[in-house]
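Structural characterization, general
Here's the letter readout for the chains.
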Amino acid sequence: MYTQALNSSDNDDRHVEDAARAAQFQARIDADERIEPNDWMPAAYRKTLTRQISQHAHSEIVGMLPEGNWITRAPTLRRKAALLAKVQDECGHGLYLYAAAETLGSSREELVDAMLAGKAKYSSIFNYPTLTWADIGTIGWLVDGAAIMNQIPLCRCSYGPYARAMIRVCKEESFHQRQGFEIMLTLCRGTEDQKAMAQNALDRWWWPVLMMFGPPDQVSQHSDTSTKWKIKRFSNDELRQKFVDATVPQAQFLGLTIPDLGMKQNANGNWEYSPIDWEEFKQVLAGNGPCNRERLAARRKAHDDGAWVREAAMAYAEKRKSRQMAQAAE
Amino acid sequence: MAVASIKVSETPLVLYTLRRADDALILGHRLSEWCGHAPMLEEDMALANMGLDLLGQARELYTYAAKVEGKDNDEDKFAYLRDVVQYRNLLLLEQPNGDFARTMVRQFFYAAFADLYWRAMMKSKDTTLAAVAAKSEKESAYHIRHSSEWIVRLGDGTEESHARTQSAIDDLWAYTGEMFAVDDSERGLIDAGIAIDPATLHPQWLKTVTSVVNEATLALPKNNWMQQGGRSGRHSEHLGHLLSELQSLQRSFPGATW
Amino acid sequence: MATPNIPLWEVFIRSRNGLAHKHVGSLHATDATLALQAARDIYTRRGEGLSIWVVPSNAITASDPTEKGMMFEPAESKIYRHPTFYDVPEEVGHM
Ligand SMILES: [Fe+2]
Ligand SMILES: [Fe+2]
Ligand SMILES: [Fe+2]
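Parameters at a glance
Residues numbered from 1 in each chain as written. Chains lettered and ligands numbered in written order. Predicted model: local features only at pLDDT ≥ 70, side-chain atom pairs only at ≥ 80, totals over all residues. Heavy atoms only, no water. Buried < 20%, exposed > 50% of the residue type's maximum accessible area, 1.4 Å probe, protein only. Helix = DSSP H or I, 4+ residues; strand = E, 2+ residues; numbered from the N terminus. Pairing = 2+ DSSP bridges. Contact = heavy atoms within 4.5 Å. Buried area = accessible area lost by both parts, 1.4 Å probe. Salt bridge = Lys/Arg side-chain N within 4 Å of Asp/Glu carboxyl O. Polar contact = N/O pair within 3.5 Å; in protein donor to acceptor, adjacent residues only side chain to side chain. Nonpolar A, V, L, I, M, F, W, Y, C, P; charged D, E, K, R; others polar. Donors = N, O, S within 2.8 Å, 3.2 Å for Na, K, Ca; no water. Tetrahedral: all angles 85-135°; square planar, octahedral: opposite > 155°, others 65-115°.

Attention now moves to the pairing of strand 1 (residues 8-14) of chain C. Looking along a regular strand, one sees side chains alternate from face to face of the sheet. Residues and elements named next belong to chain C. With five of seven residues buried, strand 1 lies mostly within the body of the structure. Two elements, strand 1 and strand 2 (residues 22-28), share six bridges in a ladder whose sense is antiparallel. Along strand 2, the bridge assignment pairs phenylalanine 12 with histidine 23. For strand 1 and strand 3 (residues 51-56), the ladder comprises six bridges, and the chain directions are antiparallel.

This part covers the interface of chain C and chain B. Contacts between the two partners involve 12 residues from chain C, matched on the other side by 11 residues from chain B. Roughly 1,100 Å² of surface becomes buried between chain C and chain B when both sides are summed, with 57% attributable to carbon and sulfur atoms. In this assembly, chain C and chain B are joined by one salt bridge. Residue B:Arg153 pairs with C:Asp31 through a salt bridge whose shortest N-O separation is 2.8 Å. Between the two partners, chain C and chain B, sit five residue pairs in polar contact (both at pLDDT 80 or more). When contributions to the side of chain C that touches chain B are tallied by element, the ones reaching two or more residues are strand 2 and helix 1 (32-43) of chain C. Broken down by element, the residue count for the side of chain C that touches chain B peaks at seven residues, all from helix 1 of chain C. Per-class residue counts for the side of chain C that touches chain B are five nonpolar, three polar and four charged.

Turning our attention to the coordination of the iron ion (ligand 3). All names here are of chain A. Within the first shell, the iron ion (ligand 3) binds the protein through Glu60 (OE) and Gln151 (OE1), at distances of 2.2 to 2.5 Å. Taken as an interatomic distance, the gap from the iron ion (ligand 3) to the iron ion (ligand 1) is 2.9 Å; glutamate 60 donates to each of them. Here glutamate 60, found in helix 2 (residues 43-62), pairs with glutamine 151, found in helix 6 (residues 133-154); they are 91 residues apart in sequence, far enough to count as distant. Glutamate 60 gets classed as buried once you look at its relative accessible area, which sits at 1%. Using a relative accessible area of 0% as the deciding quantity, one classes glutamine 151 as buried.

Moving on to the coordination of the iron ion (ligand 1). Tetrahedral coordination by four donors places them ideally at 109.5 degrees to one another around the metal; octahedral coordination by six donors ideally gives 90 or 180 degrees. All names here are of chain A. Within the protein, the atoms that donate to the iron ion (ligand 1) are Glu60 (OE), Glu90 (OE), His93 (ND1) and Glu173 (OE), at distances of 2.0 to 2.4 Å. What the four donor atoms of the iron ion (ligand 1) show is an angle range of 82 to 160 degrees at the metal, which sorts the shape as irregular. Mapped onto the polypeptide sequence, the residues donating to the iron ion (ligand 1) form the spacing pattern E-x29-E-x2-H-x79-E. The distance between the iron ion (ligand 1) and the iron ion (ligand 2) comes to 3.4 Å, with glutamate 90 serving as a donor to both metals. Of this pair, glutamate 60 sits in helix 2 while glutamate 90 sits in helix 4 (residues 77-102); the two residues are 30 residues apart in sequence, bridging distant segments of the chain. We classify glutamate 90 as buried; its relative accessible area is 4%.

It is worth spelling out the interface of chain B and chain A at this point. Listed per partner, the contact involves 49 residues of chain B and 45 residues of chain A. At the boundary of chain B with chain A, total buried surface from both sides reaches about 4,100 Å², with 68% on carbon and sulfur atoms. The interface formed by chain B and chain A includes three salt bridges. Salt-bridge contacts for A:Arg323 lead to B:Asp156; the nearest nitrogen and oxygen are separated by 2.6 Å. On inspection of chain B and its partner chain A, the count reaches 16 residue pairs in polar contact (both at pLDDT 80 or more). Among the secondary structure elements, those contributing two or more residues to the side of chain B that touches chain A are helix 1 (12-32), helix 2 (41-69), helix 3 (75-80), helix 5 (100-121), helix 6 (127-155), helix 7 (159-172), helix 10 (237-246) and helix 11 (248-252) of chain B. Sort the elements by how many residues they give to the side of chain B that touches chain A and helix 2 of chain B lands first, with 11 residues. Grouping the constituent residues of the side of chain B that touches chain A by class yields 23 nonpolar, 13 polar and 13 charged.

Written out as structure tokens, the structure reads:
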């Protein structure tokens, strides 16, 4: 997920590619072949994927922060272990995805530097604060739920390393949404205070979660090439609708009210939601969300505070190598 | 409206089990504070793994303590509804994470002990404790491997990493003695073959620690004055802050299940 | 200042079912010991493996995808290497 909304189009540098190879490449894609790292690919395909995969990776890593905010305050030991394991999984996802992006020729360090410099995007959703324990339930239930909806089709994406990373990610994701829903269910069956906490969290997260799927199809710029290249298999609006339809009955089961009173089910059984405030989305992407600054600052601090550790390990590896060489020379 | 602390009947076996459970919880909690902030993603994964090992140990031990005590306490009541002076963990383990060197030194000092301790405890006459020991021994064996590899790299890495690691050793050294201390309550369990005498592990521990510290071109302090108190609830100021965070929800919502 | 690159490693895991080591992913580590530890911490969290190999990524020599025709197509016509090429009457039973 996390990325669809963010890409801008790169159609332009495709013209410099030689047409025959491009046609061959497209034929492979059309035949549902997987593209592998050393295969020839159009520069724009490489660029689009590098950006999409690295943005996805950044999202997983920045996404550790809002939930990490509650690891030390998880209300039972069982919840604490589950949450720590869950956030750790997200770290793993970031790691797998950086590795997939690296196969396209940029190093993880380069990609991370771009993110820390504010030059790369990550999902808008992680710029919202986690205020109560119910936010942790809501994130698992809705944010991971939305992510899964988007990530499952990516398991069949045309780029082999990305598709393989997504298969691994999706396997691990399977407990994330369930643990979130279980938290919500416990709150909704709990005291009045707990139920209010759950409703309050849903009220705050609902619209930002719908925004996760990216701008509406009429204005989404990059969909065409991504679809042609089989990086993207469903449109933003299709996925958003699928998500809403899946979520409404879950909210009803919990006894929670989705904060969209105008919502109604149409003849096809789809839930029609009210217009989304795309101005808010734009502002969050532009760096003006409630937590953009904190999130970047936290990642920069971890990176800067860790610099001496990485340097020490490199220095030690160098020393060990030269010691071994000296020994061999004796 | 705050939820009050529980009362615990600290019979020797309950106290013994709570001490080890508290060790595991507090260190596990400290490690979990790193999540999302480690020097590299690979280490974020590793720290979380160690934290999860320890949380698992804590849960088993608390559950056993509850069973032995036979009141209506459980793992969460022990963890969330005891105040600072009721906690029984080692002072070493509640010390703040500090930088990565400090976290690794704390981990290393403790894991080097825990590995020996749990290995010896596998022969406990108490079958539950022996089973916990068998599982914990494997986990701490990995913790000592991981932390000692880092001690060596940090000590023998750059000037900065050397200085940071040495200062962590100097600061944390005084908390290591407590691992080997025994009080009357525990003496009885040792005599009964339920617990083992940690003092017997000290020479081997010192040997392991010395050899890693030497390889890392670091030095152990000459000062052998050791701090005590964690086992009887006399903690450092740090634990109260840790607990106020850990316990905040349980303390502020009476009658809630989570 | 650009962050210095830490070497990349490829991770291979042999799972419980006795199959050969299989590529599972990559990681960054400054040396082989840390790479092995990291591989354990990243790729075996759900009991996936009983044995790990880590290999520096730059130690791998890969075939050239543009030589696919020369490299792999010649094998396709050698159907006599497959058991189904030969006719054995059904009465003979499984062979
Ligand atoms: Fe994830
Ligand atoms: Fe997730
Ligand atoms: Fe994700």
